[in-house]
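Spelled out, the chains give:
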Amino acid sequence: MEISFIIKNDKGDQLRVALSRYHETVLSSFTSDPTALSLEFYDVTLMRETGSEYIEYTLLSKISETLAAFLRDNDLAVLCFYCDSVNDVKRHHQEISPQHFRSNLFSRMFERYTSSHGLDAYLNQRIIVGEGQDAMYAHLISRAKYGPILAQIALTIQDK
């Protein structure tokens, strides 16, 4: 199942946020826990539809609002983000990789949004696989009550 949202600003930038649900067979390669397998894991993909400038804060904020609403309406949802290095990112610290920068940016966005909206019932489980410029970064976002499950899945991913 795929769900998508179009998010745009007044400068002509338009992003599609696509949520694709993982099949249980994919999840079973990371856990056999029945409670974990009852959760609904969604891959989150951001795709630029129009515009060419760097994504500004107001657009990032709209993305946060949309994803928060999805989590609020879907108790069993776990959002899965992979921070890639496909396109370079404008950043002050050139010594970190684009994927590391995206991961830091994503974590700050999540923390800022949840704290400013009093959403302490949500958790951002960061996953780092590898080291240095080749390290891969991902995030699992869900209600905090699923924290132990996400922590175990993160360990499994890091060990693979």
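Everything below is about the structure shown above.
For the structure given in this document, a descriptive report is provided here. Remember, predicted model here, so these are calculated numbers, not experimental data.

**Quick notes on the overall build of the chain**
Right, so step 1: Each helix and strand counted, the chain has five helices and six strands in total.
Right, so step 2: Secondary structure elements of the chain, listed N to C terminal, follow the sequence β-β-α-α-β-α-β-α-β-β-α.
Right, so step 3: Against the 2.2 N^0.38 benchmark of 15 Å for 160 residues, the chain shows a C-alpha radius of gyration of 16 Å, consistent with a compact globule.
Right, so step 4: The C-alpha extent of the chain, read off along each of the three principal axes, is 45 × 35 × 30 Å.
Right, so step 5: Counting the 160 residues in the chain, one finds 41% classified as buried.
Right, so step 6: Partitioning the intrachain contacts of the chain with sequence separation of at least 6 by distance along the chain shows that 58% fall at a separation of at least 24.
Right, so step 7: Carbon together with sulfur atoms contributes 52% to the accessible area of the chain, which is approximately 9200 Å² in total.
Right, so step 8: If the 16 positive side-chain charges of the chain are averaged to one point and the 21 negative ones to another, these points end up 4 Å apart.

**Quick word on helix α3 (residues 57-73)**
Right, so step 1: Counted at 1.5 Å a residue, the expected span for α3 with its 17 residues is 24 Å, and the 24 Å between its end C-alpha atoms agrees.
Right, so step 2: Buried within α3 are the following residues: L59, L60, S61, I63, S64, L67, A68, F70 and L71.

**A closer look at the pairing of strand β5 (residues 122-129)**
Right, so step 1: The pairing of β5 with strand β6 (residues 136-143) spans eight bridges and is classified as antiparallel. From the neighbouring strand, L123 faces β6, where its bridge partner is S142.
Right, so step 2: Hairpin geometry of β5 and β6 is characterised by an intervening segment of six residues between the two adjacent antiparallel strands and by a positive phi of about 95° at G130.

**A word on the nonpolar core**
Right, so step 1: Grouped together as the largest cluster of nonpolar side chains are 23 residues, with contacts concentrated most on L19, V44, I63, L67, L79, F81 and I141.
Right, so step 2: For this core, the elements supplying multiple residues, two or more each, are β2 (14-21), β3 (40-50), α3, β4 (77-83) and α4 (98-116).
Right, so step 3: If you tally residues by element for this core, the top one is α3, at seven residues.
Right, so step 4: Sequence-distant contacts of F81, defined by excluding residues within four places in its chain, comprise V44, L67, F106, Y137, A138, H139 and I141.
Right, so step 5: Of all hydrophobic cores here, the second largest spans 15 residues; its members include L37, F41, C80 and A154.

**Section: the sheet that holds strand β1 (residues 2-8)**
Right, so step 1: With mixed pairing, the six strands of this open sheet are ordered in space as β1-β2-β3-β4-β6-β5. The open sheet terminates on both sides in strands that have one partner only, identified here as β1 and β5. Shown here is a sheet whose adjacent strand axes are inclined to one another by a mean of 25°, direction ignored.
Right, so step 2: Pairing of β1 with β2 involves seven bridges; the strand directions are antiparallel. For I3, the partnering residue across the bridge sits in β2 and is L19.
Right, so step 3: Sheet strands touched by α4: β4, β5 and β6. Its angle to β5, the strand with the most contacts, is close to 170°.

Each value, and the rule that gives it
- Residues numbered from 1 in each chain as written.
- Predicted model: local features only at pLDDT ≥ 70, side-chain atom pairs only at ≥ 80, totals over all residues.
- Heavy atoms only, no water.
- Helix = DSSP H or I, 4+ residues; strand = E, 2+ residues; numbered from the N terminus.
- Rg over C-alpha atoms; globule rule 2.2 N^0.38 Å.
- Buried < 20%, exposed > 50% of the residue type's maximum accessible area, 1.4 Å probe, protein only.
- Contact = heavy atoms within 4.5 Å.
- Areas by Shrake-Rupley, 256 points an atom, 1.4 Å probe, with all protein chains shown as cover.
- Lys, Arg positive; Asp, Glu negative; His and termini not counted.
- Charge placed at Lys NZ, Arg CZ, Asp CG, Glu CD.
- Expected span 1.5 Å × (residues − 1).
- Pairing = 2+ DSSP bridges.
- Core = buried A, V, L, I, M, F, W, Y, C linked by side-chain atoms within 4.5 Å.
- Axes fitted to C-alpha atoms, helices over the stretch in contact; angles between N-to-C directions.

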